[in-house]
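Structural overview for review
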Amino acid sequence: MQIQQHVSLHEFNTLALKSVASHFVRIQNANEIPQVLEQANSLGLSVMVLSGGSNVLLPAQIEALVMYMDIQGIEVVNEDDQYIEIDVAAGENWHEFVCKTTEMGAYGLQNLALIPGKVGASPVQNIGAYGVEVGEFIRWVSVYDRNLAEFRTISAEDCHFSYRHSIFKDEPNRYIIHQVRFKLLKKPDLKLDYGDLKQAVGDLKTPANLQQQVIQIRQSKLPQPAEYPNVGSFFKNPIISAVEFERLKSVHPQLPAYPQANGQVKVAAGWLIDQAGWKGKRLDKVGMFHKQALVLVNYADADLDDVIQTYHAVQVDVKQQFDIALEPEPVLYNTQGHISTHSCV
Ligand code: EPU
């Protein structure tokens, strides 16, 4: 464990933003976490935890100790006729882990294949796709709690998972996630309700085929970060009141909408952005992807200011046309390595 200085984070964020950390350390064992926190304290540095970098917006310069979570390990800890429980270290690659579960006959995560990032970040925003959210298959999350200065496990119930949300977003600087325990199914229960997934899977209703179809759907419309640097969906799908939805629906009958259990309605941000004329449109170095308007792409060595300029312009146009404020999904960091709030339109 060695603290390095002036480290470029270009390779550590999938949007490929130009960003340099004043201090950087790679964590390969959970026991190193308290030691590193102490060192940061004695150096007077704040700490920023970095995982796969697939959902972050980094400033050009970060004056902080960046802790890159690189702990590896996958271990089956319990198994019976119905369930299989697996402990997975935070630094494991998410997609590779999902593929492993399919090979070992552990089911539930197949709809979440090909999501970029690492296992440790998966509970933070409760990653979700094609009708499944990861929180449904988490038993607990193992963390170092900076407030209590101790290691703890937090049960799934206490994580308060909801759409793109958990307690880890409410108290972003408190917990450092180092391991996740998953509880997966031994007998497949395929979730095929989302859009055209059922049709894509066809008669071959196996977890392996479901995973394969999800991979193909994602590849057909979502850009791969290596080719088009991006952070997946750039905005959350807005959740609006039933009254507001009726108003919009009367003017825009085609607006894709998903009614929520509490009577509110989730509407498709991608459709709103597309209709506002942003699909395939660029402002200098940054634009919205031509096959999926919800994904912002860094086309030419952009920095955070370029990104902010483009996404503000998108927000303004959508606000003007639909009176809906789009909320960015990725986490924005300031120059001290602290999470900061996105400005509103
Ligand atoms: N749409 C358009 N134009 C576009 C994009 C979308 O009209 O340019 C329409 C689509 O035709 C569809 C609707 O908007 O009727 C929704 O689009 P899609 O099915 O592609 O899903 P999404 O709402 O855009 C969400 C998640 C994705 C996840 C998919 C599949 C959010 C913010 N995004 O996207 O998550 O993969 O559903 O479940 O909830 C991510 O979080 O990074 C991510 C990729």
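Residues numbered from 1 in each chain as written. Predicted model: local features only at pLDDT ≥ 70, side-chain atom pairs only at ≥ 80, totals over all residues. Heavy atoms only, no water.

Things to note about the sheet that holds strand 16 (residues 265-267)
Applicable threshold: By this definition, two strands are paired if DSSP reports at least two bridges between them. The secondary structure listing takes helices from DSSP runs of H or I that are at least 4 residues long and strands from runs of E that are at least 2 residues long, numbered from the N terminus.
Overall, antiparallel pairing links the 3 strands, which are arranged 14-16-15 in an open sheet. Edge positions in the sheet fall to strand 14 (239-240) and strand 15 (257-259), since each has one partner strand and no second. Where strand 15 and strand 16 come together, 3 bridges link them in antiparallel fashion. Within the sheet, the bridge partner assigned to Ala-257 lies in strand 16 and is Val-267.

Details of the site of the ligand
Operational definition: In this text, near means that some heavy atom of the residue lies within 4 Å of the molecule or strand in question. Here a polar contact is taken to be a pair of N or O atoms separated by no more than 3.5 Å, where protein atoms must pair a possible hydrogen donor with a possible acceptor and residues adjacent in sequence count only if both atoms sit in side chains. Residue polarity follows a fixed list, in which Ala, Val, Leu, Ile, Met, Phe, Trp, Tyr, Cys and Pro are nonpolar, Asp, Glu, Lys and Arg are charged, and the others, Gly among them, are polar. Residue ranges for the domains trace back to a domain assignment, done automatically or taken from a database.
The full set close to the ligand counts 23 residues, and Tyr-130, Tyr-163, Ser-233, Gln-292 and Ala-293 are the nearest of them. Contact between the ligand and Tyr-130: an oxygen atom at 2.6 Å from a main-chain N or O atom of the residue. Contact distances for the ligand include 2.8 Å between a nitrogen atom and a side-chain N or O atom of Asp-274. Here the shell around the ligand takes 3 residues from helix 8 (residues 269-275), the largest share from any one element. Of the residues belonging to the shell around the ligand, the class tally is 11 nonpolar, 6 polar and 6 charged. In terms of domain composition, the shell around the ligand takes at least three residues from each of domain 2 (74-217) and domain 3 (235-328).

Structural notes on the environment of Asp-284
Inclusion rule: When accessible area is computed with a 1.4 Å probe and restricted to protein chains, residues below 20% of their type maximum are described as buried, those above 50% as exposed, and intermediate ones as partly exposed.
Position of Asp-284 among the secondary structure elements: in the loop between strand 17 (282-283) and strand 18 (286-288). Exposure remark for Asp-284: the relative accessible area of 60% places this residue in the exposed category.

Points about the domain arrangement of the protein chain
The cut-off we apply is this: We call two residues in contact whenever any of their non-hydrogen atoms come within 4.5 Å of each other. Buried area: the accessible area, evaluated with a 1.4 Å probe, that two parts lose upon being put together, summed over both parts. Each salt bridge in this description consists of a side-chain nitrogen of Lys or Arg and a carboxyl oxygen of Asp or Glu lying within 4 Å of one another.
For the protein chain, the domain assignment lists domain 1 (4-69), domain 2 (74-217) and domain 3 (235-328). Computed from C-alpha atoms alone, the centre-to-centre distance between domain 1 and domain 2 is 25 Å. Counting residues at the interface gives 13 residues for domain 1 and 12 residues for domain 2. Regarding the contact of domain 1 and domain 2, the summed buried area is about 1100 Å², with carbon and sulfur atoms giving 69% of it. Our count for the contact surface shared by domain 1 and domain 2 stands at 0 salt bridges. The interface formed by domain 1 and domain 2 holds 2 residue pairs in polar contact (both at pLDDT 80 or more) in total. When contributions to the side of domain 1 that touches domain 2 are tallied by element, the ones reaching two or more residues are helix 1 (32-43), strand 3 (47-50) and strand 5 (61-69). The residue makeup of the side of domain 1 that touches domain 2, split by class, is 9 nonpolar, 4 polar and no charged.

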